Amino acid sequence: MVALKFHQYQVVGRALPKDVEDTPKIYRMKLWHTNDVRAKSKFWYFLKKVKKVKKSNGQIVAINEILEKKPTVVENYGIWLMAKTDKEVVC
């Protein structure tokens, strides 16, 4: 069995500029995933649900892997659980 190694990524993206809005708002998320492609996919998944910006109407500005300063020291962390019911998705 192969163990998956998760990395922390910072993904920065925005909606594409339109005639009405030349400089759209920039959004940043810190995500845990196995590689940067999956982190970008998860970024668009959450951005579509929270801010109604789809991948086809947006662009990635930057993606960086966040490395730990002290990998042997444990820090606080948070977990976001999502549950799917018959009627709706609960975050």
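Residues numbered from 1 in each chain as written. Predicted model: local features only at pLDDT ≥ 70, side-chain atom pairs only at ≥ 80, totals over all residues. Heavy atoms only, no water.

Caption draft 1: Seen up close, the overall build of the protein. Check the secondary structure of the protein and you find 1 helix and 5 strands. Mapped in sequence order, the helices and strands of the protein form the string β-β-α-β-β-β. In terms of C-alpha radius of gyration, the protein reaches 16 Å, well past the compact-globule figure of 12 Å for 91 residues. Relative to its 91 residues, the protein shows a buried fraction of 22%. Partitioning the intrachain contacts of the protein with sequence separation of at least 6 by distance along the chain shows that 52% fall at a separation of at least 24. With an accessible surface of roughly 8000 Å², the protein has 53% of that area assigned to carbon and sulfur atoms. Here the protein holds 19 positive side-chain charges and 9 negative ones, and the gap between their average locations is 3 Å. (Helix = DSSP H or I, 4+ residues; strand = E, 2+ residues; numbered from the N terminus. Rg over C-alpha atoms; globule rule 2.2 N^0.38 Å. Buried < 20%, exposed > 50% of the residue type's maximum accessible area, 1.4 Å probe, protein only. Contact = heavy atoms within 4.5 Å. Areas by Shrake-Rupley, 256 points an atom, 1.4 Å probe, with all protein chains shown as cover. Lys, Arg positive; Asp, Glu negative; His and termini not counted. Charge placed at Lys NZ, Arg CZ, Asp CG, Glu CD.)

Caption draft 2: Here's a closer look at the side chain of T34. Structurally, T34 is set in the loop between β2 (26-33) and α1 (36-51). Apart from the residues within four sequence positions on either side, T34 is in contact with L4, K5, F6, H7 and Y9.

Caption draft 3: Spotlight on the layout of surface pockets. Of the volumes computed, that of the largest pocket is approximately 430 Å³. Together, 14 residues line the largest pocket, and Q8, W32, E68, E75 and N76 are the ones closest to its centre. In terms of residue class, the lining of the largest pocket is made up of 6 nonpolar, 3 polar and 5 charged. (1 Å grid on protein atoms, 1.4 Å probe; cavity = no way out; pocket = protein on both sides within 12 Å on 5 of 7 lines; lining within 4 Å. Points joined across faces, edges and corners; volume = space filled by probe spheres on them. Nonpolar A, V, L, I, M, F, W, Y, C, P; charged D, E, K, R; others polar.)

Caption draft 4: Focus on the pairing of β2. The two faces of β2 differ: Y27, M29, L31 and H33 on one face are buried, but I26, R28, K30 and W32 on the other face are not. Summarising the sheet, strand β1 (residues 7-15) and β2 pair through 8 bridges and their orientation is antiparallel. By the bridge assignment for β2, H7 is matched with H33. (Pairing = 2+ DSSP bridges.)

Caption draft 5: Inspection of the nonpolar core at higher detail. Y9, V11, A15, Y27, M29, L31, A39, F43, W44, F46, L47 and V53 together form the largest nonpolar core, which totals 12 residues. The element that contributes the greatest number of residues to this core is α1, accounting for 5 residues. (Core = buried A, V, L, I, M, F, W, Y, C linked by side-chain atoms within 4.5 Å.)

Caption draft 6: Local environment of the sheet that holds β2. Taken together, the 3 strands give an open sheet; going across it, the order is β2-β1-β3, and neighbouring strands pair in antiparallel fashion. Of all the strands in the sheet, the pair left with one neighbour each is β2 and β3 (58-66). Averaged over all pairs of adjacent strands, the angle between their axes in this sheet comes to 25 degrees, without regard to strand direction. Lying on the sheet, α1 is in contact with β1, β2 and β3; it crosses β2 at an angle near 130 degrees. (Axes fitted to C-alpha atoms, helices over the stretch in contact; angles between N-to-C directions.)

Caption draft 7: Representation of the pairing of β1 within the structure. The buried fraction of β1 is high, at 7 of 9 residues. Inspection of the sheet shows β1 paired to β3 by 8 bridges, in the antiparallel sense. By the bridge assignment, Y9 is partnered in β3 with E65.

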